[in-house]
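Here is what each chain is made of, one letter per residue.
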Amino acid sequence: MVVPEELPLSFKVAAAGSAACFADFITFPLDTAKVRLQVQGESKVKATELVSKSSQKLQYRGLIGTIATIAKKEGPKSLFNGLSAGLQRQLCFASVRLGFYDSVKSLYIQLFYGKSQNNGMAILPRVCAGMTTGGLAVLLAQPTDVVKVRFQAQQSAKAAPKYLSTLQAYRTIAREEGAAGLWKGCATNASRNAIVNVSEIVCYDIIKEAIITNGLLKDGIPCHFTSAVIADVDSIGTTHEWYVFFSSDTMTDAYSRFDKLRFCATLVASPVDVVKTRYMNAPPGNYSGALDCAAKMFKSEGFSAFYKGFTPSFFRLVSWNIVLWLSYEQIKIVITDSKYFKDRQNVN
């Protein structure tokens with residue numbers, strides 16, 4: 001079944017939030033492993049002290065090793081530390097960045113092309129829509145992201161963990177650091193998610209449309225799964241070979257330009273993600289800002305520190321997006337098949 005493009009915005013927002021929460025729950029241990037690897041080596045580095053990476057003992061090694069260490073020392077439940085804040089984040093974050101994407105894309109298409117029907121692949125409006133919704137989503141959901149990262153970085157094995165519940169974490173951060181603490185790293189996170197949103201949503205949107213337009217697959221689960229897989233692999237920076245399946249010269253040229261953008265986006269997003277995690281997790285006074293965090297990290301740990309947690313980040317990105325897109329498309333179909341939606345459409 002093809003989901004109608006005129007699906008009301010409120011239903012898209014609800015579908016996006018629900019699908020993102022399900023994807024977050026399934027892949028949360030990978031995200032926790034990523035955060036632990038990203039902050040590893042930072043604990044001994046104070047604002048006035050730099051410690052060489054050779055003098056630090058590594059607690060976590062690799063994706064499997066990190067998950068096994070957390071489960072063994074803190075219990076399997078610790079892999080889901082911060083899940084409540086993570087789900088709150090997705091309800092705010094994904095609802096905006098994905099739920100509003102189609103509407104914002106239409107606005108940009110009208111802005112750039114007016115009433116013209118000869119828009120081609122409309123790459124620029126899609127990219128602008130992805131960056132816009134990605135950035136706006138961060139402004140709304142940043143406090144939930146800060147709390148999620150603090151919980152994930154916090155080791156449950158400690159005698160007296162600082163944060164015991166999500167609400168207590170919000171109150172503690174607000175009391176000790178003020179409102180600025182809840183929006184800590186907002187600019188860094190907004191820039192990262194503007195990039196990631198283009199890599200994930202825009203690429204999926206283009207590939208799905210190309211597959212359907214060229215008659216390779218019908219709009220259904222096989223099409224959604226294939227689009228999600230190709231979009232995920234391409235978002236890690238693969239080459240132009242994926243696009244030889246599409247016959248249109250115009251589309252191939254558009255993909256070539258977009259592929260270069262995606263490769264550059266990938267190189268930028270990972271270091272920004274590490275800096276974002278460390279800065280949001282740091283207590284007041286450790287860093288004067290995100291740039292200071294990046295400078296200290298580079299001086300004490302070297303360039304490789306900017307790609308800490310890359311493996312779990314990669315696997316989470318792939319699995320999370322596959323689950324997201326399959327869930328999102330199926331939820332939209334369930335909505336359009338529901339009696340409530342049909343009765344609503346008949347009334348309108």
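Calculation rules
- Residues numbered from 1 in each chain as written.
- Predicted model: local features only at pLDDT ≥ 70, side-chain atom pairs only at ≥ 80, totals over all residues.
- Heavy atoms only, no water.
- Salt bridge = Lys/Arg side-chain N within 4 Å of Asp/Glu carboxyl O.
- Helix = DSSP H or I, 4+ residues; strand = E, 2+ residues; numbered from the N terminus.
- Buried < 20%, exposed > 50% of the residue type's maximum accessible area, 1.4 Å probe, protein only.
- Core = buried A, V, L, I, M, F, W, Y, C linked by side-chain atoms within 4.5 Å.
- Contact = heavy atoms within 4.5 Å.
- Expected span 1.5 Å × (residues − 1).
- Arc of directions from axis to C-beta.
- Polar contact = N/O pair within 3.5 Å; in protein donor to acceptor, adjacent residues only side chain to side chain.
- Axes fitted to C-alpha atoms, helices over the stretch in contact; angles between N-to-C directions.
- Parallel < 35°, antiparallel > 145°, perpendicular 65-115°, else oblique.
- Left-handed = near helix turned anticlockwise from the far one by under 90°.
- Disulfide = S-S within 2.5 Å.

Undergrad: So what's going on with the pattern of salt bridges? Which residues, and what values?
TA: A complete count under the given rule lists 22 salt bridges for this structure. Between glutamate 209 and arginine 126 there is a salt bridge, and its shortest N-O distance comes to 2.7 Å. Here arginine 126 lies in helix α5 (residues 123-153) and glutamate 209 lies in helix α8 (residues 186-213), a separation of 83 residues in the sequence. Between lysine 276 and aspartate 273 there is a salt bridge, and its shortest N-O distance comes to 3.3 Å. Of this pair, lysine 276 and aspartate 273 are both found in helix α10 (residues 249-281), three residues apart, which corresponds to roughly one turn of the helix. Relative accessible area serves as the criterion here: at 3%, aspartate 273 is assigned to the buried category. Residues participating in the shared-partner salt-bridge network are Asp24, Asp31, Lys34, Arg89, Asp145, Lys148, Asp273, Lys276 and Arg316.

Undergrad: Lay out the nonpolar core in plain terms, naming residues and giving numbers.
TA: Of all hydrophobic cores here, the largest spans 35 residues; its most connected members are Leu98, Val202, Ile207, Leu324, Trp325, Tyr328 and Ile335. Contributions of two or more residues to this core are made by α1 (9-39), α4 (101-113), α5, α8, α9 (221-235) and α12 (310-337). The dominant element in this core, judged by the number of residues it contributes, is α8, at eight residues. Those residues in contact with leucine 324 that sit more than four places away from it in its chain are Ala19, Ala20, Ala23, Arg97 and Leu98. Counting 14 residues, the second largest nonpolar core, distinct from the first, contains Val35, Val146, Ala169 and Tyr170.

Undergrad: Which residues make up α4, and what values go with them?
TA: Its 13 residues give α4 an end-to-end C-alpha distance of 18 Å, which sits within 8% of 18 Å, the value for a rise of 1.5 Å per residue. Tyr101, Asp102, Val104 and Lys105 are the residues of α4 that are buried. Angular distribution of buried residues about the axis of α4 spans 160 degrees; they occupy a single face of the element. Projecting away from the buried face of α4 at angles above 90 degrees are the exposed residues Leu107, Gln110 and Leu111. One or two positions beyond α4, positive phi appears at glycine 114, with a value near 65 degrees.

Undergrad: Now, about helix α6 (residues 166-177): what can you tell me, with residues and values included?
TA: For α6, spanning twelve residues, the distance from its first C-alpha to its last is 16 Å, which sits close to the expected 16 Å at 1.5 Å a residue. Those residues of α6 not exposed but buried are Thr166, Gln168, Ala169, Tyr170, Thr172, Ile173 and Glu177. Looking at the buried positions of α6, the neighbouring elements they touch are α3 (83-97), α5 and α7 (179-182). One side-chain oxygen at the N-terminal end of α6 lies 3.2 Å from the backbone nitrogen of glutamine 168; it belongs to serine 165. Of the residues trailing α6, glycine 178 is marked for its positive phi of about 80 degrees.

Undergrad: Break down the packing of α5 against α8 for me, citing the residues and quoting the values.
TA: Closest axis-to-axis distance for the α5/α8 pair is 7 Å, and the angle between their directions is 135 degrees. Classified by the interaxial angle, the pair formed by α5 and α8 is oblique. Here α5 and α8 pass one another in a crossing that is right-handed. Residues Ile123, Arg126, Val127, Gly130, Met131, Thr133, Gly134, Gly135, Val138, Leu139, Gln142 and Asp145 of α5 lie in contact with α8, whose contacting residues are Cys186, Asn189, Ala190, Asn193, Ala194, Asn197, Val198, Val202, Asp205, Ile206 and Glu209.

Undergrad: Can you explain the state of the cysteines? Please cite residues and give values.
TA: According to the stated counting rule, one finds zero disulfides in the structure shown. Cysteine cysteine 92 remains unbridged, with the sulfur of cysteine 21 as its closest cysteine sulfur at 9.2 Å.

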